[in-house]
Amino acid sequence: MGHIVGVNAREILDSRGNPTVEAEVWLDSGLMARAAVPSGASTGKHEAVELRDGDGRYGGKGVRRAVVNVKEKIAPEIIGIDPGEQALIDNIMIELDGTPNKSNLGANAILAVSMAVARLAAMERELPLWRYIGGLGPFLLPTPMMNVINGGAHADNNLDVQEFMIVPHGAESFGEALRMGTEVYHSLKKLLKNKGKNTSVGDEGGFAPDLAGAEEALEVLVEAIAGCGYKPGEDISLALDVAASELYDDGLYRFKGEGKDYNPEQLVEYYLKLCRNYPFVVSIEDGMAEDDFEGWKMLTQALGGEIQLVGDDIFVTNPKRLAVGIEEGMANAVLVKLNQIGTLTETLEVIDMAVRNSYSAIISHRSGETDDPFISDLSVSVGVGQIKTGAPARVDRVAKYNQLLRIAEDLGDLALFAGLKTFRGRKAER
Ligand SMILES: O=C(O)[C@@H](CO)OP(=O)(O)O
Ligand SMILES: [Mg+2]
């Protein structure tokens with residue numbers, strides 16, 4: 001096998017027009033692989049550190065220091081190594097950084113290299129990335145969670161809940177699921193227009209209208225689904241990302257748009273009522289704030305047997321935090337974002353831990369994305385059966401869906417589609 005002879009990095013722009021890191025890794029044979037890291041807006045405070053320059057350039061959002069770290073600090077340490085040694089290379093970078101949250105080199109610097117190394121190893125072996133990462137398989141095309149109404153930190157409207165997603169699980173194949181979801185997206189646009197609502201979009205390509213609150217958003221979604229001839233709950237279900245850390249303030253969850261404050265008990269009641277009124281909700285992400293462990297336990301006891309409860313900010317794709325969640329009975333699923341932890345090796349570790357403890361895992365994009373479809377390959381390779389990557393519009397999101405279409409075609413008759421099977425909770429078992 002060959003060895004790495006060069007590592008390069010540069011600043012590129014993400015879908016919000018902010019700089020992010022792209023890395024390139026070169027093999028002695030002349031092969032080159034490239035990868036770009038995404039960036040969040042509603043970031044958890046326990047995430048690995050995204051190194052930003054803060055020097056006024058790009059409004060202080062530049063990543064020149066991270067780029068220099070790749071070129072000057074990481075490159076000399078990994079040149080000469082076989083890119084197939086993913087764990088070795090990731091560990092070299094972790095040790096070189098020397099901090100628990102990658103604040104020295106930057107998780108953005110480390111992850112760009114980690115992803116490019118995996119891609120280079122796959123190219124050298126003439127394998128698609130999904131097969132290289134997944135090995136023997138089994139490979140599973142994920143059910144998409146498509147964020148079609150944006151609120152919270154991702155839009156300028158009055159919705160407190162950050163994401164309203166449609167989950168087209170009743171399809172026979174990934175391609176059919178994507179088509180179903182896309183039909184609903186278009187029908188939702190017409191519906192909003194007819195209601196005199198704004199159809200401009202938020203960061204993840206979903207519409208960002210002003211609505212009375214979560215109930216009205218769910219109502220409109222049910223109408224859009226039914227309007228396309230699909231049965232809510234049977235063909236297409238609904239999912240939320242509340243991103244409650246963003247709403248949490250001094251012991252209370254402040255739903256400013258809805259004009260209500262809830263303590264954790266009242267918030268659990270609110271979710272119970274929402275799920276009673278909208279039995280098509282199969283998944284709620286970040287229903288409680290990142291450090292509100294008591295709230296999380298309460299929520300999990302109340303709803304964990306019914307629906308999928310996804311931990312994003314609480315777990316931040318970190319094996320140590322997920323272990324606490326499993327131990328204490330918080331959530332029943334983990335959102336997986338490579339840049340929350342900063343290496344592919346640690347990301348795979350979290351997924352493995354989730355699966356071995358009956359937690360579902362959802363591979364996820366960030367609200368600031370690039371055209372790099374790495375997460376599509378990752379989602380198929382680990383076979384966890386769910387991906388969250390925004391609306392079926394805007395190239396930054398569509399790049400992921402289109403890559404999944406290519407992978408499905410590659411797998412041919414072996415392209416199993418997850419459907420509802422990988423969702424936890426009683427509803428999913430129906
Ligand atoms: O909260 C989330 O799940 C993500 C992605 O949808 O948003 P952000 O990247 O802004 O953290
Ligand atoms: Mg989230």
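Residues numbered from 1 in each chain as written. Chains lettered and ligands numbered in written order. Predicted model: local features only at pLDDT ≥ 70, side-chain atom pairs only at ≥ 80, totals over all residues. Heavy atoms only, no water.

A. Geometry of the overall build of the chain. Tallying secondary structure elements over the chain gives 14 helices and 14 strands in all. By the compact-globule yardstick of 22 Å for 430 residues, the chain fits well, its C-alpha radius of gyration being 21 Å. Across its three principal axes, the chain shows a C-alpha extent of roughly 60 × 50 × 45 Å. For the chain, the residues scored as buried account for 61% of the 430 residues in total. Across the chain, every contact between residues at least 6 apart in sequence was considered, and the portion connecting residues at least 24 apart equals 70%. Within the chain, the 64 negative side-chain charges are centred at a point lying 3 Å from the centre of the 43 positive side-chain charges. (Helix = DSSP H or I, 4+ residues; strand = E, 2+ residues; numbered from the N terminus. Rg over C-alpha atoms; globule rule 2.2 N^0.38 Å. Buried < 20%, exposed > 50% of the residue type's maximum accessible area, 1.4 Å probe, protein only. Contact = heavy atoms within 4.5 Å. Lys, Arg positive; Asp, Glu negative; His and termini not counted. Charge placed at Lys NZ, Arg CZ, Asp CG, Glu CD.)

B. Helix H5 (residues 174-194), seen in detail. In a regular helix each residue adds 1.5 Å, so 21 residues correspond to 30 Å; H5 covers 30 Å between its end C-alpha atoms and thus fits that length. Among all positions of H5, only Phe174, Ala177, Leu178, Met180, Gly181, Thr182, Val184, Tyr185, Ser187, Leu188, Leu191 and Leu192 are buried. Residues of H5 that are buried sit in contact with strand E4 (143-150), strand E5 (163-167), helix H6 (214-227) and helix H13 (395-411). One or two residues past the end of H5 sits Gly196, with phi positive at roughly 75 degrees. (Expected span 1.5 Å × (residues − 1).)

C. Here's a closer look at the coordination of the magnesium ion (ligand 2). Looking at the magnesium ion (ligand 2), the protein donor atoms are Asp241 (OD), Glu285 (OE) and Asp312 (OD), and they sit 2.0 to 2.2 Å from it. Each donor residue of the magnesium ion (ligand 2) lies on one chain, and together they are spaced D-x43-E-x26-D. Taken together, the residues Asp241 in strand E6 (residues 237-241) and Asp312 in the loop between strand E11 (308-311) and helix H9 (319-328) connect sequence positions 71 residues apart. When sorted by exposure, Asp241 lands in the same class as Asp312, which is buried. (Donors = N, O, S within 2.8 Å, 3.2 Å for Na, K, Ca; no water.)

D. Geometry of the UniProt feature "binding site: substrate" (unreviewed entry) in the chain. Residues given the UniProt feature "binding site: substrate" (unreviewed entry) here are His154, Glu163, Glu285, Asp312, Ser364, His365, Arg366, Ser367 and Lys388. Positionally, His154 belongs in the loop between E4 and E5. By secondary structure assignment, the location of Arg366 is in the loop between strand E13 (360-364) and helix H12 (374-382). By relative accessible area, Arg366 is classed as buried at 3%. Residues within four places of Arg366 in sequence aside, it is in contact with Pro38, Ser39, Gly40, Ser42, Thr43, Glu47, Glu204, Lys337, Asn339, Gln340 and Arg397. (UniProt positions renumbered as here; feature names shortened; annotations may be inferred.)

E. Representation of the pairing of E6. With five of five residues buried, E6 is to be regarded as a mostly interior element. Here E6 shows two buried faces, one formed by Ser237, Ala239 and Asp241 and the other by Leu238 and Leu240. Both E5 and E6 contribute to a ladder of five bridges, which runs antiparallel. Bridged to Glu163 within E6 is Asp241. Direction of pairing for E6 relative to strand E10 (residues 281-285): parallel, over a ladder of four bridges. Bridging from a neighbouring strand, Ala239 pairs with Ser283 of E10. (Pairing = 2+ DSSP bridges.)

F. Spotlight on the sheet that holds strand E8 (residues 252-255). Here three strands make up an open sheet; going across it, the order is E7-E8-E9 and the pairing antiparallel. With partners counted over all chains shown, the strands left at the sheet margins are strand E7 (248-249) and strand E9 (260-262), one partner each. In the sheet, E8 pairs with E9 via three bridges, with the strands oriented antiparallel. Across the sheet, Arg254 pairs through a bridge with Asp261, a residue of E9. Packed on one face of the sheet, helix H7 (residues 264-277) meets E8 and E9 and runs near 110 degrees to E9. (Axes fitted to C-alpha atoms, helices over the stretch in contact; angles between N-to-C directions.)

G. Broad picture of the pattern of salt bridges. All told, the structure shown has 31 salt bridges when counted by the stated rule. Here Asp249 ties to Arg254 by a salt bridge, and the two come within 2.9 Å at their closest N and O atoms. Here Asp396 ties to Arg394 by a salt bridge, and the two come within 3.4 Å at their closest N and O atoms. Since its relative accessible area comes to 29%, Arg394 is described here as partly exposed. Through salt bridges with shared partners, one network takes in Arg10, Glu22, Glu24 and Arg34. (Salt bridge = Lys/Arg side-chain N within 4 Å of Asp/Glu carboxyl O.)

H. How the structure looks around the domain arrangement of the chain. By the assigned domains, the chain splits into domain 1 (2-125) and domain 2 (138-415). Each of domain 1 and domain 2 has a C-alpha centre, and the two are 27 Å apart. With 34 residues of domain 1 at the interface, the matching set in domain 2 holds 30 residues. Of the roughly 2,500 Å² buried at the junction of domain 1 and domain 2 (both faces included), carbon and sulfur atoms supply 51%. Per-residue buried area on domain 1 facing domain 2 is highest for Ser15, Ser42 and His46; these three make up 24% of the total on that side. Linking domain 1 to domain 2 there are five salt bridges. A salt bridge links Arg119 to Asp372, with the nearest nitrogen and oxygen atoms 2.7 Å apart. Across the domain 1-domain 2 interface, the total number found is 24 residue pairs in polar contact (both at pLDDT 80 or more). Of all elements in the fold, only strand E1 (4-13), strand E3 (32-36), helix H2 (86-97) and helix H3 (107-124) reach the threshold of two or more residues within the side of domain 1 that touches domain 2. When residues in the side of domain 1 that touches domain 2 are grouped by element, the largest group, seven residues, is from H3. (Domains from an automatic or database assignment. Buried area = accessible area lost by both parts, 1.4 Å probe. Polar contact = N/O pair within 3.5 Å; in protein donor to acceptor, adjacent residues only side chain to side chain.)

I. Just the site of ligand 1, in detail. Around ligand 1 sit 16 residues, and of these Glu163, Glu204, Arg366, Ser367 and Lys388 come closest. For ligand 1, an oxygen atom lies 2.9 Å from a polar atom in the side chain of Gln162. One of the side-chain N or O atoms of Glu285 is found 3.0 Å from an oxygen atom in ligand 1. Against a free-state accessible area of 310 Å², the protein chains account for coverage of 100% of ligand 1. Each of domain 1 (2-125) and domain 2 (138-415) gives at least three residues to the shell around ligand 1. (Near = heavy atom within 4 Å. Areas by Shrake-Rupley, 256 points an atom, 1.4 Å probe, with all protein chains shown as cover.)

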